[in-house]
Amino acid sequence: MSQPESSQSPYLAPPSMNPFGRPAVEEPRLPWAKAVLVTVVVFLVAGVVAGWAWQQFSPLAKYTVDEQGGALGEEQMTRIFGPDGTFTAIGFVAAVVLGGALFWWLRNYGPWSVAIVTLGACLGSGVCWGVGMLLGHDPIEPRLRAAHPGDLVAAPLELHTWTPAVSWLIGAALACAIIAAATWRAEPVATTSQPAASESAPPVH
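The rules we used
Residues numbered from 1 in each chain as written. Predicted model: local features only at pLDDT ≥ 70, side-chain atom pairs only at ≥ 80, totals over all residues. Heavy atoms only, no water. pLDDT = per-residue confidence, 0-100. Contact = heavy atoms within 4.5 Å. Helix = DSSP H or I, 4+ residues; strand = E, 2+ residues; numbered from the N terminus. Expected span 1.5 Å × (residues − 1). Patch = residues over 30% accessible without salt bridge, like charges linked within 9 Å, V, L, I, M, F, W, Y side chains within 5 Å. Areas by Shrake-Rupley, 256 points an atom, 1.4 Å probe, with all protein chains shown as cover. Salt bridge = Lys/Arg side-chain N within 4 Å of Asp/Glu carboxyl O. Buried < 20%, exposed > 50% of the residue type's maximum accessible area, 1.4 Å probe, protein only. Pairing = 2+ DSSP bridges. Axes fitted to C-alpha atoms, helices over the stretch in contact; angles between N-to-C directions. Phe/Tyr/Trp six-rings, centres within 6.5 Å; stacked < 30°, edge-to-face > 60°. Lys NZ or Arg CZ within 6 Å of the ring centre and 35° of its normal. Parallel < 35°, antiparallel > 145°, perpendicular 65-115°, else oblique. Left-handed = near helix turned anticlockwise from the far one by under 90°. Nonpolar A, V, L, I, M, F, W, Y, C, P; charged D, E, K, R; others polar.

Student: Provide a residue-level description of the confidence of the model for the protein chain, including the pertinent values.
Tutor: Per-residue confidence for the protein chain gives a mean pLDDT of 79, with 75% of residues at or over 70. Between residues 1-25, whose pLDDT stays under 50, and residues either more than four places distant or in other chains, the model counts 13 contacts. The model gives residues 186-200 a pLDDT under 50, and that stretch makes five contacts with residues more than four places away or in other chains.

Student: An account of helix α3 (residues 82-105) is requested, with residue identities and associated values reported.
Tutor: In a regular helix each residue adds 1.5 Å, so 24 residues correspond to 34 Å; α3 covers 35 Å between its end C-alpha atoms and thus fits that length. Buried residues belonging to α3 abut α1 (32-57), α4 (111-136) and α6 (167-183).

Student: Give me the lowdown on a nonpolar patch on the surface, citing residues and values where you can.
Tutor: Taken together, the side chains of F92, V93, V97, V166, L169, I170, L174 and I178 make up a nonpolar region of the molecular surface, amounting to roughly 660 Å² of accessible area. Sorting the residues of the nonpolar patch by element identifies α3 and α6 as the ones contributing at least two each. It is α6 that contributes the most residues to the nonpolar patch, four residues altogether. With respect to the helices, strands and loops of the structure, I170 is situated in helix α6. Residue classification places I170 among the partly exposed positions, given a relative accessible area of 47%.

Student: I'd like to hear about the sheet that holds strand β1 (residues 62-66), residue by residue, with values.
Tutor: In sheet architecture, strand pairing relies on hydrogen bonds along the backbone and comes in two forms, parallel and antiparallel. Strand order in the open sheet made by the three strands is β2-β1-β3, with antiparallel pairing throughout. Sheet topology places β2 (69-71) and β3 (152-154) at the edges, where each strand pairs with a single neighbour. If you compare each strand with its neighbour and ignore which way they point, the axes differ by 40° on average.

Student: How would you summarise the pairing of β1 if you had to cite specific residues and measurements?
Tutor: Where β1 and β3 come together, three bridges link them in antiparallel fashion. In the strand pairing of β3, Y63 is matched with V153. Of the strand pairs in this sheet, β1 and β2 are connected by three bridges, and their pairing is antiparallel. Each residue of the ladder has a partner; that of D66, found in β2, is G69.

Student: Tell me about the packing of aromatic side chains, and please be specific about residues and values.
Tutor: Taken as a whole and judged by the stated rule, the model has three aromatic pairs. Here W52 and F57 contribute two aromatic rings whose centre-to-centre distance is 6.1 Å and whose plane-to-plane angle is 85°, an arrangement assigned as edge-to-face. Assessed through its relative accessible area of 57%, F57 is described here as exposed. With a centroid separation of 5.5 Å and an interplanar angle of 50°, the aromatic rings of W129 and W162 are classed as tilted. Of this pair, W129 sits in helix α4 while W162 sits in the loop between β3 and α6, and the two are 33 residues apart along the sequence. Residue class for W162 comes out exposed when judged on its relative accessible area of 57%. If you follow R107 out to its NZ or CZ, it ends over the ring of W104, 4.1 Å from the centre.

Student: I'd like a rundown of the packing of α4 against α6, residues and numbers included.
Tutor: Between α4 and α6, the least distance of the axes is 8 Å, while the angle of their chain directions is 155°. Between α4 and α6, the interaxial angle falls into the category roughly antiparallel. Judged by the twist between their axes, the crossing of α4 over α6 is right-handed. Contact with α4, carried on its side by V114, V117, T118, A121, C122, G124, S125 and C128, involves W168, L169, A172, A173 and C176 of α6 and no other residues of that element. Class assignment for the residues of the contact of α4 with α6 results in 10 nonpolar, three polar and no charged.

Here it is, written out as structure tokens:
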């Protein structure tokens, strides 16, 4: 006596499910306006704080005043590019930390999250430079004329090249790349084979 064949072979795998037996639920995305607004505000505040720090902690070369005006000694010449190095260090660290945090927060936007974070980093760099120049860029000529021989007059706070301004962009892009590489996962590959219908078990008599 033959038994009716089952409508589904016992060797067939059940429908694809996640490891926990529940269907995967996609995390809701933030509204575009909120994502951009938060990024702009974060880098705007960071730029203001970084600009203040750049003005406070940059080592400035000092001119020695004499009868002919002001001159830089050999030791002071090495401090000329101090503001450039300080700007680069502050901007890179700020962009790595904030860029990484914002990229993780906006990761559901895919490649657009990289664009949002990098553009925010460019804004932070510009704000940092503007605040620093507003607080610490005093023209040196009037101060040299008002000084007396033997006085030391600090050089104005400024960037001698625009290369340090790119440190914000590099830091944010690097943070995005590291997080994206660390969280990347390949598509799951089935480890159990499903036999074809022709290979199903023969009926039992």
